[in-house]
Amino acid sequence: MQTEIIVAGFGGQGVLFAGQLLSYAAMDEGKEVTWIPSYGPEMRGGTANCTVIISDEEIGSPIVRNPMAAIAMNLPSLDKYESLLKPGGVMVVNSSIIEREVTRTDIKVVRVPGNDIAERIADKRMTNMVLLGALLANLPVLPIEAVEKALKDHLPERHHRLLPSNYQALREGASYIAQPVA
Amino acid sequence: MARELLKGNEAVAEAAIRAGAVAYFGYPITPQTELLEHMSKRMPELGRAFVQAESELGAVNMVYGAACTGRRVITSSSSPGSSLMMEGFSYMAGTEVPAVFVDVMRGGPGLGNIQPSQADYNQIVHGGGHGDYTPIVLAPASVQESIDLTVLAFDLAEKYRSLVVILTDGSIGQMMEPAELPPMAPINNETPEWAVDGNMVGRERRFLSSIYLDPPAEEVTNFRLQRRWQEICANEVRYKEYYMDDAEYAVVGFGSAARAALSAVRAARAEGIKIGLLRPITVAPFPTKVLDDLSRRMKGLLVVEMNSGQMLEDVRLATSGRIPIEFYGRMGGVMLLPDEVLAEIHALATGPLTTEGHPRDRWLARMAGKN
């Protein structure tokens, strides 16, 4: 059993870090995990993304054509991954900056105003945490507590004053639950 | 030690440090640069040598010099940079000095791009520098294996006074996986009996060179290299098998391609197809005997690579036309995906299979119109 997750957005939105955090949490939970970034010239200006695969056994390919879930932090990411998700998969949409609706009806869609929530809590740089929280609430891959613990254990000590607002961002994101797939 | 989440390139660098590397010489190139960057931070911290040379040619010749002292030395690069180092590798082979080289392959030929590829297989395994020599070539498929093989590389280099290459790619170099690093090994500061140390007091002069102007003397050296290679082939073949116990078909692939293949083999197994995976870990020496054996009891083989079928030729040589072989590859920095390999497995398992013609010709015909 493996779960493939894409985190995608503009460079600077914390896409790679959100994926790494998920990977730390998976590792600490005793899972196998791979994190692989896009590292081409498209990172400048276009979409940056990473693929995280979490599994109970040795992981084969670190990339897949059809992932189980995606966090789209911007419109190009939604455009790229909406058609690729597996049926029954989860699409987390940053509705603060993505206006269009998702057209597929065979996937779970979670529309979360990530930027707005993050700015209200502390800083728009926590948008990635809000959306990660929303993903975890809709995808049974890891408990949200595992990600909170990973933040505490792997974030450098000097950033620990930011932990409470990060936890709040994760929790508020997790309050968004998708309608079941028809 | 606990598992850490490590990036492939950094894990190789740290593994080399823990294996006792005293010197690193290199030049930055994507997708290998994190390896050099890690070395630039850690080596001075530990009082060891780090030099960012003026070019790959400078770096490889610094490695050559350091290797002549018998100390543990390493360099790394990616495809275009590796090409520049080939002259130095040949000189090291001719001088019979140990060194470790990491090639994080990217798309080519030429400047190509910075995405993962396996197109340097022939260069590293069969060619590269001029003259009659073969380096030991290790092909990791994960971050943990990158660490383990880096440690092994130093041991093998010393044992056989040979160049050992870690043949990896941008995908394994850039990915992060949980892995465990070895403890820090003590540095061995003893000078081997063949090495130079600038101090010949109380012993005979030692002279290291790749120049043998007298052909019969050069031939003696060549025979020594060949007999050493024979010994390496007899003792150092490594590979891993997956789902092979009751397999009727097998996929053969190394490194990243084998990972895509593993996903595909699992999917095929779930459909009831009796297929396994053979993953060479040493691509030189190549697991020839294992393939010879498979060719006598399997129904067919599928070779997958991120190149045009370079290892395929070694598989064909090892199986001597006894078994039908198909090939599937992607090139130019395009990653192999599991669903493509699965489609090839379906074709293999439903036939028709043949030992006639060349698998590459059939692959090229199948790819027509798809790219």
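Per-chain numbering applies: the sequence of each chain, read as written, is numbered from 1 onward. Chain letters and ligand numbers both follow the written order, the letters beginning at A and the numbers at 1. Confidence filtering applies because this is a predicted model: local features only for residues at pLDDT of at least 70, side-chain atom pairs given and counted only at 80 or more, and all residues used for totals across whole chains, interfaces and linings. Only hydrogens and water are removed before side-chain values are computed, so all heavy atoms of the structure are retained for them.

Participant: Which parts of the structure should I look at to understand the pattern of salt bridges?
Facilitator: Close approach of charged atoms allows side chains with opposite charge to pair. Whenever Lys or Arg places a side-chain nitrogen within 4 Å of a carboxyl oxygen from Asp or Glu, that contact is recorded as a salt bridge. Counting across every chain of the model gives 39 salt bridges over all chains. In this structure, Lys86(A) and Glu4(A) form a salt bridge, with 2.8 Å as the shortest nitrogen-oxygen distance. With a gap of 82 residues between them, Lys86(A) in the loop between α2 (75-81) and β5 (90-94) and Glu4(A) in strand β1 (residues 2-10) connect regions that are remote in the sequence. On the basis of relative accessible area, Lys86(A) is assigned to the partly exposed category, the value being 28%. Glu4(A) gets classed as buried once you look at its relative accessible area, which sits at 4%. The structure contains a network of salt bridges with shared partners spanning Arg65(A), Arg330(B), Asp339(B) and Glu340(B). Counting from the N terminus, the helices are the DSSP runs of H or I reaching at least four residues and the strands are the DSSP runs of E reaching at least two. With a 1.4 Å probe rolled over the protein chains alone, any residue whose accessible area is under 20% of its type maximum counts as buried; one over 50% counts as exposed, and the rest are partly exposed.

Participant: Teacher, can you tell me more about the domain arrangement of chain B here?
Facilitator: For interface size, the figure often reported is the accessible area lost on association. Residue and element names in this part refer to chain B. The split into domains, and so the bounds of each, comes from an automatic or database assignment of domains. Taken domain by domain, chain B holds domain 1 (3-235) and domain 2 (239-367). Here the C-alpha centroids of domain 1 and domain 2 sit 29 Å apart. In this description, contact between two residues means that some pair of their heavy atoms is separated by no more than 4.5 Å. The partner domain 2 presents 23 residues to the 34 residues of domain 1 that form the contact. Two parts placed together each lose some accessible area; with a 1.4 Å probe, that loss summed over both constitutes the buried area. Of the roughly 2,100 Å² buried between domain 1 and domain 2 on both sides combined, carbon and sulfur atoms contribute 53%. Summed over the shared surface of domain 1 and domain 2, the number is 2 salt bridges. Two N or O atoms form a polar contact when they lie within 3.5 Å of each other; inside protein one atom must be a possible hydrogen donor and the other a possible acceptor, and for residues adjacent in sequence the pair counts only when both atoms belong to side chains. The interface formed by domain 1 and domain 2 contains 16 residue pairs in polar contact (both at pLDDT 80 or more). Where the side of domain 1 that touches domain 2 is concerned, the elements lending two or more residues are α5 (121-126), β6 (136-138), α6 (143-160), β7 (163-169), α7 (170-174) and α8 (215-235). Element by element, the count of residues in the side of domain 1 that touches domain 2 is highest for α5, at 4 residues. Three categories are distinguished: nonpolar for Ala, Val, Leu, Ile, Met, Phe, Trp, Tyr, Cys and Pro, charged for Asp, Glu, Lys and Arg, and polar for the others, with Gly belonging to the last. Here the side of domain 1 that touches domain 2 is composed, by residue class, of 19 nonpolar, 11 polar and 4 charged.

Participant: Got a minute to help me understand the interface of chain A and chain B in this structure?
Facilitator: Counting from both sides, the interface comprises 24 residues of chain A and, opposite them, 30 residues of chain B. Between chain A and chain B, the buried area comes to about 2,200 Å², and carbon and sulfur atoms account for 57% of it. One can count 5 salt bridges joining chain A with chain B. Across the pair Glu340(B) and Arg65(A) runs a salt bridge whose closest N-O atoms are separated by 3.1 Å. At the surface where chain A touches chain B, the tally comes to 14 residue pairs in polar contact (both at pLDDT 80 or more).

Participant: Mind showing me how you'd approach the packing of helix α5 (residues 144-154) of chain A against helix α6 (residues 163-174) of chain A here?
Facilitator: A pair of packed helices is captured by two measures, namely the crossing angle of their axes and the spacing between those axes. Residues and elements named next belong to chain A. The geometry of α5 relative to α6 is characterised by a closest axis approach of 11 Å and an angle of 160 degrees between their N-to-C directions. Compared by their axis directions, α5 and α6 come out roughly antiparallel. Crossing of α5 over α6 shows right-handed handedness. Counted together, Ile144, Glu145, Val147, Glu148, Leu151 and Lys152 of α5 and Leu163, Asn166, Tyr167, Leu170, Arg171 and Ala174 of α6 form the full contact between these two elements. Its residues assigned to classes, the contact of α5 with α6 shows 7 nonpolar, 1 polar and 4 charged. In this analysis an axis means a line fitted to C-alpha atoms, helices contributing only their contacting stretch, and an angle means the value between N-to-C directions, from 0 to 180 degrees. Note that the term roughly parallel is reserved for angles under 35 degrees, roughly antiparallel for angles over 145, roughly perpendicular for angles of 65 to 115, and oblique for everything else. When the near helix sits turned anticlockwise from the far one by under a right angle, the crossing is termed left-handed; a clockwise turn instead gives a right-handed crossing.

Participant: How should I be thinking about the pairing of β1(A) in this particular structure?
Facilitator: Sheet faces and side chains relate simply in a regular strand, where the side chains alternate between the two faces. All names here are of chain A. The buried fraction of β1 amounts to 7 of the 9 residues, a majority that puts the element mostly inside the structure. DSSP-based pairing: two strands are paired if at least 2 bridges between them are found. With 9 bridges connecting them, β1 and strand β3 (residues 47-55) associate as antiparallel partners. Directly across from Glu4, in β3, lies its bridge partner Ile53. Relative to strand β4 (residues 69-72), β1 runs parallel, the two being bridged by 4 bridges. The residue bridging Ile6 from the neighbouring strand is Ala70, located in β4.

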